[in-house]
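Working through the structure, step by step
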Amino acid sequence: IEIPNRLADLLSRFGRAQWVGLIKRSVTRWLIFLGLVFLVCVVVERLEAIPAMIRGAILLSIVGVTVYQLLQILSWPLRHRGLLALAKRFAQKQVDTQWADFADRLYGAIELSQSPRELSRSSDLCLASLRRLDDQAAELGDSFLAESSQLVWRRGFSVFLMGCFLCMAAMPAACWNTTQR
């Protein structure tokens, strides 16, 4: 059974929004990590010079975190390939929202439509369920795509950036020395 275009588009938009959210969170985490490492290095450099071996370990940790974040970003589409995986993710993300019932029924209907055993038993029932969900999907806006943790990340990142800029303004020579090393 073919999934109606509106439902496939809904899940596709949801998947894209989730992936963009993951990219934003990963970049924010990486920048916060980089800023923390820099601030720690500035403070330690003020007390005594950091040995070359430790600077090398710091560089390796930065490279390691970068590779890990890139792997997380690049593997997400592979782990959530197909409408069934996206429907499952949609149902998981909508547990405590007003769309929880719709998301659960959508996941169930897509799961049934992808199972040859269930289709042989009641393909008409599965098709009717998909049509009904397709009609209900017309009423949905894009508000279910919004991510709630976005504001928290923005605020946290903004406060952290302000701290970095204050450190650079208060100790420009130490910051420049750390950057050069």
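Refer to the structure printed above.
The paragraphs below set out a description of the structure included in this document. Computed from a prediction, not measured in an experiment: that's the story for all the values here.

Conventions adopted
- Residues numbered from 1 in each chain as written.
- Predicted model: local features only at pLDDT ≥ 70, side-chain atom pairs only at ≥ 80, totals over all residues.
- Heavy atoms only, no water.
- Helix = DSSP H or I, 4+ residues; strand = E, 2+ residues; numbered from the N terminus.
- Buried < 20%, exposed > 50% of the residue type's maximum accessible area, 1.4 Å probe, protein only.
- Areas by Shrake-Rupley, 256 points an atom, 1.4 Å probe, with all protein chains shown as cover.
- Expected span 1.5 Å × (residues − 1).
- Contact = heavy atoms within 4.5 Å.
- Axes fitted to C-alpha atoms, helices over the stretch in contact; angles between N-to-C directions.
- Parallel < 35°, antiparallel > 145°, perpendicular 65-115°, else oblique.
- Nonpolar A, V, L, I, M, F, W, Y, C, P; charged D, E, K, R; others polar.
- Arc of directions from axis to C-beta.
- Left-handed = near helix turned anticlockwise from the far one by under 90°.
- Phe/Tyr/Trp six-rings, centres within 6.5 Å; stacked < 30°, edge-to-face > 60°.

1. So, the overall build of the protein
A count of helical and extended segments in the protein gives seven helices and zero strands. Along the protein, helices and strands appear, N-terminal first, in the series α-α-α-α-α-α-α. Per-residue burial for the protein yields a buried fraction of 31% across its 181 residues. Carbon and sulfur atoms make up 63% of the accessible area of the protein, which amounts to about 11,500 Å² in all.

2. Observations regarding helix α2 (residues 52-79)
For an α-helix the count is 3.6 residues per turn, leaving residues at separations of three or four pointing the same way. Taking 1.5 Å per residue as the helical rise, α2 with its 28 residues ought to reach 40 Å, and the 40 Å between its terminal C-alpha atoms agrees with that figure. For α2, the set of buried residues is Ile-62, Gln-69, Ile-73 and Trp-76. Where α2 is buried, its residues contact α1 (5-47) and α3 (83-93).

3. So, the side chain of His-80
Looking at the element boundaries, His-80 is found in the loop between α2 and α3. Apart from the residues within four sequence positions on either side, His-80 is in contact with Ala-85, Leu-86 and Arg-89.

4. Remarks on the packing of α1 against α2
Between α1 and α2, the least distance of the axes is 9 Å, while the angle of their chain directions is 175°. Between α1 and α2, the crossing angle belongs to the class labelled roughly antiparallel. Contact with α1, carried on its side by Gly-15, Gln-18, Trp-19, Leu-22, Ile-23, Ser-26, Arg-29, Trp-30, Phe-33, Leu-34, Val-37 and Cys-41, involves Ile-58, Ser-61, Ile-62, Val-65, Thr-66, Gln-69, Gln-72, Ile-73, Trp-76 and Pro-77 of α2 and no other residues of that element. Here the contact of α1 with α2 is composed, by residue class, of 14 nonpolar, seven polar and one charged.

5. Considering α3
Listed in full, the buried residues belonging to α3 are Leu-86, Ala-87, Phe-90 and Ala-91. Along the axis of α3, the buried residues cluster in a sector spanning 140°; they form a single face. Elements in contact with the buried residues of α3: α1, α2 and α4 (100-113).

6. Quick word on the packing of α1 against α3
Running from amino to carboxyl end, α1 crosses α3 at an angle of 70°, the nearest separation of the two axes being 10 Å. In terms of their interaxial angle, α1 and α3 are classed as roughly perpendicular. Between α1 and α3 the crossing geometry is left-handed. Taking contact as the criterion, the partners of Ala-8, Leu-10, Leu-11, Phe-14, Gly-15 and Gln-18 in α1 are, on α3, Leu-83, Leu-86, Ala-87, Arg-89, Phe-90 and Lys-93. When its residues are assigned to classes, the contact of α1 with α3 shows eight nonpolar, two polar and two charged.

7. Some words on the packing of aromatic side chains
Any two aromatic rings considered together are summarised by their centre-to-centre distance and by the angle between their planes. A complete count under the given rule lists two aromatic pairs for this structure. For the ring pair Phe-14 and Phe-90, a centre distance of 4.9 Å and an interplane angle of 75° mean the geometry is edge-to-face. Placement of Phe-14 in helix α1 and of Phe-90 in helix α3 is noted, with a sequence separation of 76 residues between them. Their ring planes at 85° and their centres at 6.5 Å tell us that Phe-90 and Phe-102 sit as a pair that is edge-to-face. Here the residue Phe-90 occupies a position in helix α3, and Phe-102 occupies one in helix α4, the gap between them amounting to 12 residues. Looking at Phe-102, the relative accessible area reads 7%, which means it is buried. Three or more aromatic residues joined by ring pairs make a cluster, and in this case those are Phe-14, Phe-90 and Phe-102.

These values are about where atoms sit, not about what they do.
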